[in-house]
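# Breakdown of the fold
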Amino acid sequence: SADRTDAMKTISAYSTALSLDPELTAVTAPYRLYHSLALSYEAVESYDKAIDSYKKAFRASPGNSLLPLYAARLRYRLDDMEKSSSNLALSLKVAHAANKDKALIKLLKTNSYFSELLKSERNRKVVAKYDRSVMTLASARMVSIAVAWS
């Protein structure tokens, strides 16, 4: 597909850039390169390399709460709930430190790219530490399902 071809070209270009400048001294925001690389690795189903690139992006920009959120989403999709919730917790901790946790939670609830994370009870418990309504909503859904089944 075209997306896969584009991703392969991106991986090739960024790999070349990294080989020429391994410390990315000529790049203003190295986390962006690593984040784009991670998304490209996801597109070609090289998930270990994607996770590694998300880690490098976060090391380059430890105040960016979205980077561990992307990793949480990928780990959720890979059915690694323990690491998904760990990455989600890190994302929320970083967002909270910057007083941006409410915005991050809103993103989680409303953006379909990330909202699937809230299907996991483990992840809802992580979010509930910052926003009680997440568990209330989940409980309300469970009650309505239980009533529908009775």
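Description of the structure in this document. A quick note: this is a predicted structure, and the numbers were derived from the prediction, not measured. (Residues numbered from 1 in each chain as written. Predicted model: local features only at pLDDT ≥ 70, side-chain atom pairs only at ≥ 80, totals over all residues. Heavy atoms only, no water.)

### So, the nonpolar core
Nonpolar side chains in soluble globular proteins tend to end up buried together. Ranked by size, the top nonpolar core spans 34 residues in total, and within it Leu69, Leu88, Leu92, Leu108 and Val127 carry the most contacts. For this core, the elements supplying multiple residues, two or more each, are helix H1 (2-20), helix H2 (30-43), helix H3 (47-60), helix H4 (66-77), helix H5 (81-97), helix H6 (101-110) and helix H8 (121-128). Take this core: its biggest share by element is 7 residues, from H4. (Core = buried A, V, L, I, M, F, W, Y, C linked by side-chain atoms within 4.5 Å. Buried < 20%, exposed > 50% of the residue type's maximum accessible area, 1.4 Å probe, protein only. Helix = DSSP H or I, 4+ residues; strand = E, 2+ residues; numbered from the N terminus.)

### Let's talk about the pattern of salt bridges
Pairing of side chains with opposite charge becomes possible as their charged atoms draw close. Scanning all chains against the criterion turns up 5 salt bridges. Where aspartate 52 meets lysine 56, a salt bridge forms, and the shortest distance between an N and an O atom there is 3.3 Å. Pair noted here: aspartate 52 and lysine 56 are both in helix H3, with a separation of 4 residues, about one helical turn. Classification of lysine 56 by relative accessible area gives partly exposed; the value is 31%. (Salt bridge = Lys/Arg side-chain N within 4 Å of Asp/Glu carboxyl O.)

### Some points on the packing of H2 against H4
Working note: a packed helix pair is described by the angle between its axes plus the distance between those axes. Contact geometry of H2 with H4 gives a least axis separation of 11 Å together with a crossing angle of 10°. Relative to H4, H2 is oriented roughly parallel. Contacts between H2 and H4 involve Tyr31, His35, Leu39 and Glu42 from the former and Leu67, Tyr70, Arg73 and Leu74 from the latter. Classifying every residue of the contact of H2 with H4 gives 5 nonpolar, 1 polar and 2 charged. (Axes fitted to C-alpha atoms, helices over the stretch in contact; angles between N-to-C directions. Parallel < 35°, antiparallel > 145°, perpendicular 65-115°, else oblique. Contact = heavy atoms within 4.5 Å. Nonpolar A, V, L, I, M, F, W, Y, C, P; charged D, E, K, R; others polar.)

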